[in-house]
Amino acid sequence: LAHGSGGKAMRELVEQLFVTEFNNPLLAALEDQAVVPLDELQQQGTRLAFTTDSYVVNPLFFPGGSIGELAVHGTINDLAMSGARPLFLSCGMILEEGLSIDTLGEVVSRMKHAAREAGVVIVTGDTKVVERGAADKLFVNTAGIGVIRHDVAISATRARPGDVVITNGYIGDHGIAILLARNELALESSVESDTQPLHELVQEMVRVCPDIHCLRDATRGGIATVLNEFAASSNVGIHLSEAAIPVHETVRGACEILGLDPLYLANEGKLVAIVPREQADPIVEAMRTHPAGRDSAIIGEVKETPNGAVVMATAFGGTRVVDTLIGDQLPRIC
Amino acid sequence: MKQETVVRLRVTVEGTVQGVGFRPFTFRVAQQLGVAGWITNSSRGALLELEGPVGAVETFLVRLQTEAPATAKVDRLTVEPASPMGETVFGIRDSEGAGARRLVVPPDLAICADCLRELSDPMDRRYRYPFLTCTQCGPRVSLITDIPYDRANTTMSRFELCMSCRVEYEDPTNRRFHAEPIACPACGPRLALWDVQGHEVAREQEALQQACEIIRQGGIVAVKGIGGFQLWVDARSDTAVQRLRLRKTRPDKPFAVLFPSVSAVRESCRVAPEEEVLLLSPGAPIVLLRQRNHSGLVQSVSSNTPFVGAMVPSSPLHHLLMTELQGPAVATSGNRSDEPIVIDEQEALVRLAGIADAFLVHDRAIARPVDDSIVRVVEGETLILRRARGYVPRSIRVQAPLTNGSAMVPILAVGGHLKNTIALAYGDRVMLSQHLGDLSTLEAFEAFRRAVDDLQRLLAVQPQVVACDLHPDYRSTIFAQEFAERHAVPPVRVQHHHAHVASCMAEHNLDGEVLGVAWDGGGSGSDGTIWGGEFLIAGYPGFRRLAHLRPFRLPGGEAAMRKPWRCAFSVLWETYGEKGAVEACAARQSVKKEGDALAALLHRGIASPWTTSMGRLFDAVSSIAGLCDEASFEGQAAMALEFAAERYEKNVPGDETGYPFAVMRNDGNQAMWVADWRPLIESLIKERREGSSSERIAYRFHLALVDLIGQIAEHATLPRVVLTGGCFQNVLLLRLARRRLARAGFTVYSHRQVPPNDGGLSLGQAIVAAHRSGEK
Ligand SMILES: [Fe+3]
Ligand SMILES: [Mg+2]
Ligand SMILES: [Zn+2]
Ligand SMILES: [Zn+2]
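Keep in mind the model is a prediction, meaning the values are calculated, not measured. (Residues numbered from 1 in each chain as written. Chains lettered and ligands numbered in written order. Predicted model: local features only at pLDDT ≥ 70, side-chain atom pairs only at ≥ 80, totals over all residues. Heavy atoms only, no water.)

Draft legend 1. Main features of the interface of chain A and chain B. At the junction of the two partners, chain A supplies 29 residues and chain B supplies 45 residues. For the pair chain A and chain B, the summed buried surface comes to about 3200 Å²; carbon and sulfur atoms form 60% of the total. Taking the shortest distance from any N to any O, the salt bridge between Arg475(B) and Asp323(A) comes out at 2.5 Å. Seen at the junction of chain A and chain B, the total is seven residue pairs in polar contact (both at pLDDT 80 or more). (Contact = heavy atoms within 4.5 Å. Buried area = accessible area lost by both parts, 1.4 Å probe. Salt bridge = Lys/Arg side-chain N within 4 Å of Asp/Glu carboxyl O. Polar contact = N/O pair within 3.5 Å; in protein donor to acceptor, adjacent residues only side chain to side chain.)

Shown next, in the form of structure tokens:
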């Protein structure tokens, strides 16, 4: 692609690509905005959820996905974590001069598939090409709109002593997959990114238990960071059990070599939920029936203390404080 | 005869004067001299009014200081004149609660000779009673819940004194006059033996005997001691010791051993006079002693180290158990590694579940965990490795450091992350908490938070400054930040190695600037890398980095610390490049497995922070010398190197030299020196190939470090050199460095009151913060 947008041929090329790939009536209208009838939305819930996120990843393609899936799944998941049913996405792209049209085509095509599989529609979009060096190959921004059922009230402040902590499967896969893809680390790399949409899983969870207390996708900073946010916002102590947290052997092995902790690794298809104890078993059961929740597990519980902190019963029988880390996991051992 | 003038004085005594028999002592002296008046405990210490002939009162004041009980410590005496009131008797008054608290809480004290005699006297009413104490001995800090130190403010408050005990307690001429934890079989705490479910299976003497029977059978008994639980097994049974290792997940780290007596210690270890004094001191610490060849202990007790952590009974309960067992027992902290010891029997059932086979408990509560202290003797001086029972909460006086003689505003210093201690500084003293452990563990962090509250309450001091480390992810740093916000006090962040140097300076009351050799496993540097092989020109307010080791990477960060061979690989990589490093490590199993991955990490600098750590250089050399590739406890590889070097020292030729360091000016900063260890690595690799023993390599490495210190000291041209940081737990290094520096005319200072490791950081942080906040 050449820099200096506005060129007619170039615009047509991109429009063509978007319209044919994303193919839907709202986008095909090629207006400067998508127009959505309200009554359709109202049938699905009482409140609107609206979010945006930008996606930057190196490399663009990695085992288990690409920036395209991330951009669709990430925004869907952000909507889903409020209990919303995601409906529409926008797509903005910053392209670095010199990016091949094939690469762009591949990303767009992957976005198309991801959106279709998730049942959301990409209704508006925009692209800009910038000078070489002003961007790194390709940046994607997506915004999304979803609708929340009336009886759902999810919030980071709602964790209560006695509640139970749930996750929907193996953690850390994405973080390790990216690290391995970026740097020929000579590790056996059967690890794939877990990028996946979670809204259907969440709908399933909400169906079983509308009173989910806390819910968040554990992206950057991993489940440790999300749980610390819950603990701080709800002023409770969260107690994890190391043995109960699903981690693939390959991920554990890579962590051992890299000196990393899976609790802090990024995920792109993992959520952490805090739910009332009596609902925990039915929710986990329901989650396991869904492909995105096949390996769901109860990983801990909420207690009064230690106030605002996350701790973990380790395999060795001790109890470790799981902090939010500020440094790059710089060693603390003297 | 001329009538002598009668005077009346009001005397304030500050120091360790409560819970040590100070009041009965003054009563006796007053009676002998015919001095009238009274004494009371106050939150400042002790308060007296004396009335009598001027000569008698003067003599009283002299004897007050020269004849005070051995365990008392008079820090300061303030005397004001008052008007005589015609008083004729001397009395002991109840404690007064009010007033600014300047009390020094006494440490826990080992049983005294008098109590020991009663313990074994069948005619005595406290015969074989595990909780007998008097004013001269027994638990103090581990049962005080508030001050002033009265029975009501201890965990003994719930035991009502029987008639016989009350008489003793109230009789000023009795050894137990106001002995707050006084008790007897009729009115005091009782012993019980519990099974793992917490069901009582035996009581009192029967409990004691059954516990010993379990130990004799090879079982593990959790014993509730003075400052917390200990895990006991027979030190002569390999299966018993191995089982404890397995259950505690502690494969290699040496265990402490309790011996029935000093003469029993002597059968297993060599004991120098200074070491005997330490064993028998009121603190009764674990003393690291050299093991004899046929020590009678199974080898698994101290693994491959030539030392035994030995102690003798310090409480009546320990004496009774030892008398029954008639032989050495492992008595290790009742915890999982790096947690504080368990202090409560219900908690013990949970936290020691799966470890202990039975619990020997009692109903005297422990107010706070106080672990056994660990000490070593170096050239006749005490080196404290873990400062806890018997040493805390003695405060450290810091006079000279405070320029213009002004008192310190109250400062809370929160210490490091591992081996944490905290400190509260005020006036002219710093009070350190007991060793609290690894703050990554919930138990240690909770003990840390309690200690923060504890020190403030016991001293009635509100910190106006909070000092912490530079590392953003130390639990203590995070706490300090929150504390600063909550209480609107300024946080002062102190560089790790600066704090190490300042702590040693403060101990010795040094002022001005010194050369600080701060060598440890690592701490956050001012430039965001991990320092640890540092030479600092340091004063209290600030420091300048004069020299440091050439940096190398830690492949896998903390993982490199558990696997010394990774440090070796990284150091070889810097020396020979990738190919050379792989070749040099080719024979190693561990490298074969992870070597390629590690090479990729180093190649790309992923998850491999830069460090100048001396501790990690020790690890690297220990691995290259074939001594330790993987470590199951902190310092294992460095200890292996130290012990190997020591073995060689016995038959070292007179002309043995150290490996070469290349010391050169830093490219970017001409005022800074860099110690390049690559020539050292090259020579030792060469020598290893030529078949030199691990011992010789280890020794020549130590010599190289000593040469380096000497060389940098010459560059620094400061007359005083401070040796600090965890590496100076290495007695061989400490000894050689001190000699070398002394020979070259330097005055050398090393630690005596606080550990050289991170256990001493809080003292350094406090003193640096005192100077920084004074500047404004
Ligand atoms: Fe340190
Ligand atoms: Mg997001
Ligand atoms: Zn006594
Ligand atoms: Zn009694």
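Draft legend 2. Broad picture of the domain arrangement of chain B. Annotation of chain B at the domain level lists domain 1 (6–92), domain 2 (191–374), domain 3 (387–511 + 759–774) and domain 4 (516–752). Its C-alpha centre places domain 1 of chain B at a distance of 42 Å from the equivalent point of domain 2 of chain B. (Domains from an automatic or database assignment.)

Draft legend 3. The confidence of the model for chain B, seen in detail. Mean pLDDT over chain B: 91, with 97% of residues reaching 70 or higher. Per-residue pLDDT stays below 50 along residues 97–102 of chain B; that stretch engages in 19 contacts with residues further than four places along the chain or on separate chains. (pLDDT = per-residue confidence, 0-100.)

Draft legend 4. Local environment of the coordination of the zinc ion (ligand 4). Residue and element names in this part refer to chain B. Looking at the zinc ion (ligand 4), the protein donor atoms are Cys162 (SG), Cys165 (SG), Cys184 (SG) and Cys187 (SG), and they sit 2.2 to 2.3 Å from it. Around the zinc ion (ligand 4), the four donor atoms are arranged such that angles at the metal cover 103 to 117 degrees; this shape is classified as tetrahedral. Linear spacing of the donor residues for the zinc ion (ligand 4) on their chain is C-x2-C-x18-C-x2-C. Residue Cys165 is located in helix α4 (residues 163–170), and its partner Cys184 is located in the loop between α4 and β6 (191–194); the two are separated by 19 residues in the primary sequence. In this structure, Cys165 and Cys184 share a single accessibility class: buried. (Donors = N, O, S within 2.8 Å, 3.2 Å for Na, K, Ca; no water. Tetrahedral: all angles 85-135°; square planar, octahedral: opposite > 155°, others 65-115°. Helix = DSSP H or I, 4+ residues; strand = E, 2+ residues; numbered from the N terminus. Buried < 20%, exposed > 50% of the residue type's maximum accessible area, 1.4 Å probe, protein only.)

Draft legend 5. Layout of the layout of surface pockets. All names here are of chain A. Estimates place the volume of the second largest pocket at around 1200 Å³. In terms of lining residues, the second largest pocket is bounded by 40 residues, among which Arg182, Arg220, Gly221, Tyr264 and Ala266 are the most central. A per-element tally of the lining of the second largest pocket places helix α6 (residues 173–182) first, with five residues. Considered class by class, the residues forming the lining of the second largest pocket number 18 nonpolar, 15 polar and seven charged. (1 Å grid on protein atoms, 1.4 Å probe; cavity = no way out; pocket = protein on both sides within 12 Å on 5 of 7 lines; lining within 4 Å. Points joined across faces, edges and corners; volume = space filled by probe spheres on them. Nonpolar A, V, L, I, M, F, W, Y, C, P; charged D, E, K, R; others polar.)

Draft legend 6. Summary view of the sheet that holds strand β2 (residues 36–42) of chain B. Residues and elements named next belong to chain B. Read across the open sheet, the five strands follow the order β4-β1-β3-β2-β5; overall the sheet is mixed. This sheet does not close on itself; its edge strands, each paired only once, are β4 (73–82) and β5 (90–92). Put simply, the sheet's adjacent strands are angled 20 degrees from each other on average, direction ignored. With three bridges connecting them, β2 and β5 associate as parallel partners. Looking at β5, one finds that Ile39 is bridged to Ile92. Sheet strands touched by helix α1 (residues 22–33): β1 (6–16), β2, β3 (45–53), β4 and β5. Its angle to β5, the strand with the most contacts, is close to 170 degrees. Across the sheet, helix α2 (residues 54–66) lies against β1, β3 and β4, angled at about 150 degrees from β3, the strand it touches most. (Pairing = 2+ DSSP bridges. Axes fitted to C-alpha atoms, helices over the stretch in contact; angles between N-to-C directions.)

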